[in-house]
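Survey of secondary and tertiary structure
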Amino acid sequence: MTEEEMNRVLAKSEKEAEKKDQKKQWVEKIVKSAKTYYKVCPYFDRKTSKCFIMLKDRCNRDGRFENCPVFIGFLEGKYEQISAKSKILPMDFMDVISAA
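What you see is a predicted model, and the numbers here were worked out from it, not measured in a lab.

Some words on unusual backbone geometry
One non-glycine residue with positive phi stands out, namely Ser49, at about 60°. Looking at where Ser49 falls in the secondary structure, it is placed in the loop between β1 (44-45) and β2 (50-51).

In structure tokens form, the structure reads like this:
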């Protein structure tokens, strides 16, 4: 491998890592925004204790969404959808909901 090829591979891996960091930062910002609007996960049904994201499964976190892998996965999916369409990323949780 020549030095140029190594530099290209290194630059590509750094770019991918930066993109992942941007996704992580955006997800953290949206979770923080959701905390200002909701005390319990907006996709949690209190009557049946089920998660609307997982549809038929019960929520094992009792509606807490700060570190919920399902809620974070949902937001990461939204990030991918919005970035694939080359749209501007919303900076508020309510904008994420309305940007269906």
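Some points on the packing of aromatic side chains
According to the stated counting rule, one finds six aromatic pairs in the structure shown. Ring centres of Tyr43 and Phe71 lie 6.3 Å apart, and the angle between their planes is 45°; this geometry places the pair in the tilted category. Remark: Phe71 occurs in helix α2 (residues 69-84) and Tyr43 occurs in the loop between α1 (3-37) and β1; sequence separation between them is 28 residues. Of the two residues examined, Tyr43 and Phe71, each falls in the buried class. Clustering of aromatic rings is evident, with ring pairs tying together Tyr38, Tyr43, Phe65, Phe71, Phe74 and Phe93.

Describing the nonpolar core
If you look at the biggest cluster of nonpolar residues, it comprises 17 residues, and the most contacted ones within it are Trp26, Ile30, Cys41, Phe71, Leu75 and Phe93. Elements with a minimum of two residues in this core: α1, α2 and α3 (93-98). With five residues, the top contributor of residues to this core is α1. For Cys41, the residues in contact, after removing those within four places along its chain, are Gly63, Phe65 and Phe71.

What counts and what doesn't
- Residues numbered from 1 in each chain as written.
- Predicted model: local features only at pLDDT ≥ 70, side-chain atom pairs only at ≥ 80, totals over all residues.
- Heavy atoms only, no water.
- Helix = DSSP H or I, 4+ residues; strand = E, 2+ residues; numbered from the N terminus.
- Phe/Tyr/Trp six-rings, centres within 6.5 Å; stacked < 30°, edge-to-face > 60°.
- Buried < 20%, exposed > 50% of the residue type's maximum accessible area, 1.4 Å probe, protein only.
- Core = buried A, V, L, I, M, F, W, Y, C linked by side-chain atoms within 4.5 Å.
- Contact = heavy atoms within 4.5 Å.

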